[in-house]
Amino acid sequence: MVESGAIVDHGLKPVSGAVFVLAGGVLLACLLAYGVGLNGPLFFDDVPNLLNNDLVQIDGKTLDDWRIAALSSESGLFYRPVAMFTFALNHVAFVGFSAASLKATNVAIHLLLGALLYLFTLALLNTPALRTVRAGAYPTQFIALLAASIWLLHPIHVSTVLYAVQRMAQLSALFTLAGLLVYTRYRLRWADVGAGPGELVAASIWLVLLGLLASLSKENGALMPWLIAVVEVTLFRGTWRGQAPLRLVGLGWCVLLLPLVLVAIIVMVSPDAFSGRFGRREFTLEERLLTQARVLWQYLSWLLVPNILDMGFFQDDIPISRGLLSPFTTLLALLAWAGVLIATLLWRQRFPLLAFALLFYLVAHSMESTVFPLDMVFEHRNYLPSMGFAVLAAVALCRGVTCFNRVPLRTVVGVIFAILLALLVVRTYAWRDEMTLARFEVI
């Protein structure tokens, strides 16, 4: 747990040589690990969206072809034109679709997200709630790099990076994270000296633009304002010019709770607005919500204890919750989430980073793990939600090593990185060809 109490540097010092070396090592390890699976199969949603989609397979010579390619997907409410545009770019740049070119681009996006997560973590550690957090004697640059490295090397992301069409999820996460970084960097200044109308307008324009790019990559991008509210409520707490006026504190909580209120109003006014969409599913709205309470714990266990024998592209063996006691773990999962949320609210002042990570995780999962008639389980849904826990893990690791002071941090970090890298390589090796992947999935 991370408590208030001491001082951390602001992360504005020049990057040390040791941080450069570690960053280079992680980058090389990530490239080599994912390189194993670049020639793996294109399958499932890759086929209708890419291989059988003549509209996206353009030569780039006609301007209108780019527009048609961008709108050539039938996925989602907005057709995800930003993601489809990048697939068209792939086709033009490499004169056709190949597994290696598509997946190599996904790996590049993955690494770019790691760099953004590094910058975002640096900004988070300077927020009013975390400026007084002691994570040992370690500089914020090291903590931020540790968070980004844990996220980059985590094996749960293999089925996002090496599944070509999930670039949609990657790009949505990329622009969402960029928006969160822009907000946090602006907000750090406002917390100290406030802001004039011009700066507020400039920030708003950037956030609207990045929000649109995120939403037009995949609909999850529409969650960016809600995630901003999480950052505001847990880490800024309405601080403006060194003070925390009640109206700003209240505004943050209103924005955080607004989506829940809107969903409740929709359900009361039109009870079939969500449940009526489940006619073609083997489960009802109520059964999906009950099951997701268990699934969210399952996701969390994969993040904290990455057991790759439990992970996989298909998760059809997870039983549907038909009632509170069918299976009985449904009730336990609901009670556990209720307890976690209550504890988070009660202890948010003492453990701000824990509150941030939990709320960030739940909000980032809210679109695909609640009222919409989607498949029950997919690993790629953790791509963005896992970032909050990566930051929490990095700070908790540094703090834990400092408190016990028995094992050098470099040894602990080395062991963790070695385990994550080994698990990552095993999973990417399984994605190297269709037969190996099928065998892994069956096992």
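Scroll up for the structure.
Residues numbered from 1 in each chain as written. Predicted model: local features only at pLDDT ≥ 70, side-chain atom pairs only at ≥ 80, totals over all residues. Heavy atoms only, no water.

**Describing the overall build of the chain**
Secondary structure summary: the chain contains 18 helices and zero strands in total. Scaling as 2.2 N^0.38, a compact globule of 443 residues should have a C-alpha radius of gyration of about 22 Å, and the chain matches this with 22 Å. Once the C-alpha set of the chain is aligned to its principal axes, its extents read approximately 60 × 55 × 50 Å. Buried positions account for 52% of the 443 residues belonging to the chain. The contacts of the chain with a sequence gap of at least 6 include a subset with a gap of at least 24, amounting to 80%. Accessible area for the chain stands at about 20,300 Å²; split by element, carbon and sulfur atoms hold 69% of it. (Helix = DSSP H or I, 4+ residues; strand = E, 2+ residues; numbered from the N terminus. Rg over C-alpha atoms; globule rule 2.2 N^0.38 Å. Buried < 20%, exposed > 50% of the residue type's maximum accessible area, 1.4 Å probe, protein only. Contact = heavy atoms within 4.5 Å. Areas by Shrake-Rupley, 256 points an atom, 1.4 Å probe, with all protein chains shown as cover.)

**A look at the packing of helix H1 (residues 17-35) against helix H17 (residues 409-430)**
Between H1 and H17, whose axes approach to 9 Å, the crossing angle comes to 20°. Regarding the angle of H1 to H17, the classification is roughly parallel. The way H1 lies across H17 gives a crossing that is right-handed. Contact with H1, carried on its side by Leu22, Val26, Ala29, Ala33 and Tyr34, involves Phe417, Leu421, Leu424, Val425 and Thr428 of H17 and no other residues of that element. Residue classes in the contact of H1 with H17 are distributed as nine nonpolar, one polar and no charged. (Axes fitted to C-alpha atoms, helices over the stretch in contact; angles between N-to-C directions. Parallel < 35°, antiparallel > 145°, perpendicular 65-115°, else oblique. Left-handed = near helix turned anticlockwise from the far one by under 90°. Nonpolar A, V, L, I, M, F, W, Y, C, P; charged D, E, K, R; others polar.)

**A look at the pattern of salt bridges**
This structure, assessed with the given rule, holds ten salt bridges. Where arginine 131 meets aspartate 192, a salt bridge forms, and the shortest distance between an N and an O atom there is 3.1 Å. One end of the pair, arginine 131, is in the loop between helix H5 (99-124) and helix H6 (140-153); the other, aspartate 192, is in helix H8 (residues 167-193), and 61 residues separate them in sequence. For arginine 131, a relative accessible area of 21% corresponds to the partly exposed category. We note a salt bridge from arginine 427 to glutamate 379, for which the minimum N-O separation is 3.0 Å. Placement of the pair is arginine 427 in helix H17 and glutamate 379 in the loop between helix H15 (352-365) and helix H16 (386-404), with a sequence separation of 48 residues. Using a relative accessible area of 0% as the deciding quantity, one classes arginine 427 as buried. Overall, glutamate 379 belongs to the buried group, its relative accessible area being 2%. (Salt bridge = Lys/Arg side-chain N within 4 Å of Asp/Glu carboxyl O.)

**Observations regarding the environment of phenylalanine 314**
As for its position among the elements, phenylalanine 314 is in the loop between helix H13 (285-304) and helix H14 (329-346). Judged by relative accessible area, phenylalanine 314 falls into the partly exposed class, the value being 42%. Taking C-alpha positions, phenylalanine 314 is 28 Å from aspartate 54, a pair spaced 260 residues apart along the chain. The contacts of phenylalanine 314, once residues within four sequence positions are left out, are Phe44 and Glu441.

**What about unusual backbone geometry?**
Among all residues except glycine, the phi angle is most often negative; among peptide bonds, the trans geometry is most common. Residue proline 327 is bonded to the preceding serine 326 through a cis peptide linkage, with omega at 0°. By secondary structure assignment, the location of proline 327 is in the loop between H13 and H14.

**Some points on a nonpolar patch on the surface**
A cluster of nonpolar side chains, Leu257, Leu258, Leu260, Val261, Leu262, Ile265, Met268 and Val269, forms an exposed patch at the surface whose accessible area comes to about 780 Å². As for its position among the elements, leucine 258 is in helix H11 (residues 246-269). (Patch = residues over 30% accessible without salt bridge, like charges linked within 9 Å, V, L, I, M, F, W, Y side chains within 5 Å.)

**Some points on the nonpolar core**
Core analysis: the largest hydrophobic core is formed by 127 residues, its most contacted members being Leu113, Phe120, Leu146, Phe356, Tyr361 and Trp431. A per-element tally of this core places H8 first, with 13 residues. Contacts of leucine 113, omitting those with residues within four sequence positions, involve Trp151, Gln170, Ala173, Leu174, Leu177, Tyr383 and Met387. Judged by nonpolar contacts, the second largest core, of six residues, contains Leu122, Ala144, Leu145 and Ala148. (Core = buried A, V, L, I, M, F, W, Y, C linked by side-chain atoms within 4.5 Å.)

**Side note on the packing of H17 against helix H18 (residues 434-442)**
With their axes 7 Å apart at the nearest point, H17 and H18 run at an angle of 120° to one another. When the axis of H17 is compared with that of H18, the two are oblique. Side by side, H17 and H18 meet where Arg427, Tyr429 and Ala430 of the first sit next to Thr436, Leu437 and Phe440 of the second.

**Here's the deal with a negative patch on the surface**
Together, Glu282, Asp310, Asp316 and Asp317 make up a region of like negative charge exposed at the surface. Overall, the relative accessible area of 38% leaves aspartate 310 in the partly exposed class. (Lys, Arg positive; Asp, Glu negative; His and termini not counted. Charge placed at Lys NZ, Arg CZ, Asp CG, Glu CD.)

**As for the side chain of threonine 344**
With respect to the element layout, threonine 344 can be found in helix H14. In terms of polar contacts, threonine 344 uses its side chain to reach the backbone carbonyl oxygen of valine 340, at 2.7 Å. In contact with threonine 344, not counting residues within four places along its chain, are Ala355 and Leu358. (Polar contact = N/O pair within 3.5 Å; in protein donor to acceptor, adjacent residues only side chain to side chain.)

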